[in-house]
Amino acid sequence: MTGVVVLETTKGPFTLRPQRPDDADFLYALFRSHMLASVAAMPVDAAMKESLLARQFRSQTTTYRTNYADARFDILEGDGVPFGQLVLHEADGVATFVDFALMPDE
């Protein structure tokens, strides 16, 4: 697969690979895992909270894809299981981590 990077660590290897359309559910779950606390205290029902989170996720995704169209959008995997994402933009000799998120330990 093009763009795949395997990194060896003391805890074993992990892989950065380009995002694919079938990563959509994982990416939403990752976003939700970090944002759920921000809507938890809102005085609305669970369905409204979920709707808000889904809209925020779509907005963030669209903003990243529009403003950083030439960035690397990677999934971090260990043993073939996704556990995070890295969005890396490089321009004018500067590398910017647009987003770096790991699935929290459960």
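Please refer to the structure placed before this passage.
Conventions used here
Residues numbered from 1 in each chain as written. Predicted model: local features only at pLDDT ≥ 70, side-chain atom pairs only at ≥ 80, totals over all residues. Heavy atoms only, no water. Helix = DSSP H or I, 4+ residues; strand = E, 2+ residues; numbered from the N terminus. Expected span 1.5 Å × (residues − 1). Bend = angle between axes of the 7 residues up to and from the residue. Buried < 20%, exposed > 50% of the residue type's maximum accessible area, 1.4 Å probe, protein only. Contact = heavy atoms within 4.5 Å. Pairing = 2+ DSSP bridges. Axes fitted to C-alpha atoms, helices over the stretch in contact; angles between N-to-C directions. Polar contact = N/O pair within 3.5 Å; in protein donor to acceptor, adjacent residues only side chain to side chain. Phe/Tyr/Trp six-rings, centres within 6.5 Å; stacked < 30°, edge-to-face > 60°.

(A) Local environment of helix H1 (residues 24–40). The end-to-end C-alpha separation of H1 is 23 Å, in line with the 24 Å expected for 17 residues at 1.5 Å each. By the largest-angle criterion, His-34 marks the main kink of H1, which is about 45 degrees. Phe-26, Leu-27, Tyr-28, Leu-30, Phe-31 and Val-39 are the residues of H1 that are buried. The secondary structure elements touched by the buried residues of H1 are helix H2 (46–67), strand E3 (72–78), strand E4 (81–91) and strand E5 (94–102).

(B) Focus on the sheet that holds E3. The strand order E1-E2-E3-E4-E5 describes an open sheet built from five strands, whose pairing is antiparallel. Strand pairing shows two members of the sheet lacking a second neighbour, strand E1 (5–9) and E5, which therefore form its edges. Shown here is a sheet whose adjacent strand axes are inclined to one another by a mean of 25 degrees, direction ignored. Here seven bridges tie E3 to E4, and the two strands are oriented antiparallel to one another. When the sheet's bridge partners are listed, Asp-74 is paired in E4 with Leu-86. H1 rests against E3, E4 and E5 of the sheet, and its axis sits at about 90 degrees to E4.

(C) The pairing of E5, seen in detail. Where E4 meets E5, eight bridges bridge the pair, whose relative direction is antiparallel. Within the sheet, the bridge partner assigned to Glu-90 lies in E5 and is Ala-95. A loop of two residues connects E4 with E5, the two strands running antiparallel in sequence, and Asp-92 in this loop sits at a positive phi of about 50 degrees.

(D) The side chain of Asp-74, seen in detail. Structurally, Asp-74 can be placed in strand E3. Judged by relative accessible area, Asp-74 falls into the buried class, the value being 3%. Side-chain polar atoms of Asp-74 contact the side chain of Arg-72, separated by 2.7 Å. In contact with Asp-74, other than residues within four places in its own chain, are Leu-16, Arg-17, Pro-18, Gln-19, Gly-84, Gln-85 and Leu-86.

(E) Region of the structure containing the packing of aromatic side chains. Applying the stated criterion to the full structure yields three aromatic pairs. Considering the side-chain rings of Phe-14 and Phe-83, the 5.9 Å spacing of their centres and the 75 degrees angle between planes classify their relative orientation as edge-to-face. Here Phe-14 is found in strand E2 (residues 12–18), whereas its partner Phe-83 is found in strand E4, with 69 residues between them in sequence. Judged by its relative accessible area of 27%, Phe-83 falls in the partly exposed class. A centroid spacing of 5.6 Å and a plane angle of 55 degrees characterise the contact between Phe-31 and Phe-57, whose relative ring orientation is tilted. On the criterion of sequence distance, the pair formed by Phe-31 in helix H1 and Phe-57 in helix H2 is long-range, its members being 26 residues apart. Taking the relative accessible area as the measure of exposure, Phe-57 reaches 16% and is therefore buried.

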